[in-house]
Amino acid sequence: MSTVLRSSPAEGVARLEIHRPQALNALMPEVLIDLDAHLSAIESDASVRAVIVAGAGGKAFVAGADIASMASMDAWAAEAFSALGQRVLDRLSGLSVPVIAAVGGFALGGGCELAMAADIVLAGPNAKFGQPEVKLGVIPGFGGTQRLIRRVGPAAALDLCLTGRMIDAQEALRLGIASRVVEGDVEEAALALAVELAQLAPRALTAAKRALHEAANLDLAAAQRAERSLFALCFATADQKEGMAAFLAKRPATFTGR
Ligand code: CO8
């Protein structure tokens, strides 16, 4: 059985569930390979307009890379595991459609790294985030040091990575790891948000993602050139004509994805 289950809880929405509840959804190499296969399928499925990533069982989103799998690795195997995790999380982050992480319970180590690869991180009231790797004698290895420092800056990133301390949803929100804290059921909130995003103009969302992701790695002038090109590209879509015409006619827009 696959360790990642795909479902379609609403039109245009794909939900990927990391499914190892007996180990708090810890990421073995097999999980990353299964996730990668789902991402391939999603990349070539034009009907998908938004993706939710969640964990099974309610207690954890993902409690990290699988410690039992890592315990006996040599340095070469560890490098390969790290490269696999980095590649798959980059792929998730690079999807053309928006990705929502629905974090209920623990998002630790590789789980926090997985959440940070999403575009929007929704934290349930019981969510707990952290990079506790130092307590195991290692460091984050799925891109976490880099995504964390870009998200929260050096003071908080060093605090979290050097102490390995766990933080709650409110602190994660304050630092910028979580995008929003949800009072009720995080799964319901993630679905409502995914449905909302799935109804927007998909090419505009793709352009927004590219502009924001590319900007993070470019100087201001180059990032603004990239933004300008992506902004212009939106004017080649039917959805731009529809969005603006609908506004001017004071009616709701109906986007077709063209
Ligand atoms: N790996 C493997 N098994 C795990 C993991 C994990 N990360 N987390 C939990 N489990 C298992 C437990 O062993 C336990 O199994 P069993 O029932 O068979 O004993 C089951 O899940 C339930 O866990 P607990 O009984 O421990 O539940 P508690 O409620 O007491 O505690 C915690 C929950 C606090 C989340 C606790 O399980 C914990 O601390 N887990 C480990 C968290 C952690 O350290 N994560 C970081 C892992 S390292 C990492 O992610 C590195 C990423 C980069 C890798 C780079 C590649 C080389």
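Per chain, residues are indexed from 1 in the order of the written sequence. Under the rules for a predicted model, residues below a pLDDT of 70 receive no local features and side-chain atom pairs below 80 are neither given nor counted, while totals for whole chains, interfaces and linings still include all residues. Heavy atoms from the whole structure form the basis of all side-chain values; hydrogens and water molecules are not counted.

**Things to note about the sheet that holds strand 3 (residues 50-55)**
Move 1: Note: two strands are recorded as paired if DSSP finds a minimum of 2 bridges between them. To qualify as a helix, a DSSP run of H or I must reach at least 4 residues; to qualify as a strand, a run of E must reach at least 2; elements of each kind are numbered from the N terminus. Spatially, six strands are ordered 1-2-3-5-7-10 in an open sheet, and the strand pairing comes out mixed. Strand pairing shows two members of the sheet lacking a second neighbour, strand 1 (4-10) and strand 10 (180-181), which therefore form its edges.
Move 2: Two elements, strand 1 and strand 2 (residues 13-18), share five bridges in a ladder whose sense is antiparallel. Note on strand 2: the bridge partner recorded for Ser7 is Arg15.
Move 3: Working rule for contacts: check all heavy atoms of both residues, and any pair within 4.5 Å makes them a contact. What counts as an axis is a line fitted to C-alpha atoms, over the stretch in contact for a helix, and the angles between N-to-C directions run from 0 to 180 degrees. Sheet contacts for helix 1 (residues 29-43): strand 1, strand 2 and strand 3; angle to strand 1, the most-contacted strand, approximately 40 degrees.

**Thoughts on the packing of aromatic side chains**
Move 1: Two aromatic rings, drawn from Phe, Tyr or Trp (for Trp, its six-membered ring), form a pair once their centres lie within 6.5 Å of each other, and the interplanar angle then sorts them: stacked below 30 degrees, edge-to-face above 60, tilted otherwise. Applying the stated criterion across every chain, the model contains two aromatic pairs.
Move 2: Both rings, one in Phe81 and one in Phe142, keep their centres 5.2 Å apart while their planes meet at 90 degrees; by these two values the pair is edge-to-face. Of the two residues, Phe81 sits in helix 3 (residues 75-93) while Phe142 sits in the loop between strand 8 (128-130) and helix 5 (144-163), which places them 61 residues apart along the sequence.
Move 3: Ring centres 5.1 Å apart and planes at 65 degrees place the aromatic pair Phe231 and Phe235 in the edge-to-face group.

**Re the nonpolar core**
Move 1: With 51 residues, the main nonpolar core has Val51, Phe61, Val103, Leu114, Phe129 and Ile177 as its most contacted residues.
Move 2: The element that contributes the greatest number of residues to this core is helix 5, accounting for six residues.
Move 3: Throughout, nonpolar core names a set of buried Ala, Val, Leu, Ile, Met, Phe, Trp, Tyr and Cys residues whose side chains join them through atoms within 4.5 Å. For every residue, the accessible area (1.4 Å probe, protein chains only) is compared with the maximum for its type, and the residue is labelled buried under 20%, exposed over 50%, or partly exposed between those bounds. By size, the runner-up hydrophobic cluster in this structure holds 17 residues, among which are Ala54, Ile120, Leu197 and Leu205.

**Some thoughts on the domain arrangement of the chain**
Move 1: Domains assigned within the chain are domain 1 (4-198) and domain 2 (202-249).
Move 2: Here the limits of each domain have been adopted from an automatic or database domain assignment. For domain 1 and domain 2, the distance between their C-alpha centroids amounts to 26 Å.
Move 3: Across the contact, 11 residues belong to domain 1 and six residues belong to domain 2.
Move 4: Summed over both partners, buried area is the accessible surface (1.4 Å probe) that two parts give up on being assembled. Counting each side, the surface lost to burial between domain 1 and domain 2 is near 600 Å², with a carbon and sulfur contribution of 52%.
Move 5: Note on definitions: salt bridges are taken to be side-chain nitrogens of Lys or Arg within 4 Å of carboxyl oxygens of Asp or Glu. Summed over the shared surface of domain 1 and domain 2, the result is one salt bridge.
Move 6: Here Lys209 ties to Asp119 by a salt bridge, and the two come within 2.8 Å at their closest N and O atoms.
Move 7: Pairing of N or O atoms within 3.5 Å defines a polar contact, subject to two protein rules: one partner must be a possible hydrogen donor and the other a possible acceptor, and residues neighboring in sequence count only if both atoms are side-chain atoms. Where domain 1 meets domain 2, there are six residue pairs in polar contact (both at pLDDT 80 or more).
Move 8: Three classes are used: nonpolar for Ala, Val, Leu, Ile, Met, Phe, Trp, Tyr, Cys and Pro, charged for Asp, Glu, Lys and Arg, and polar for all others, with Gly counted as polar. Tallied by class, the residues present in the side of domain 1 that touches domain 2 amount to six nonpolar, two polar and three charged.

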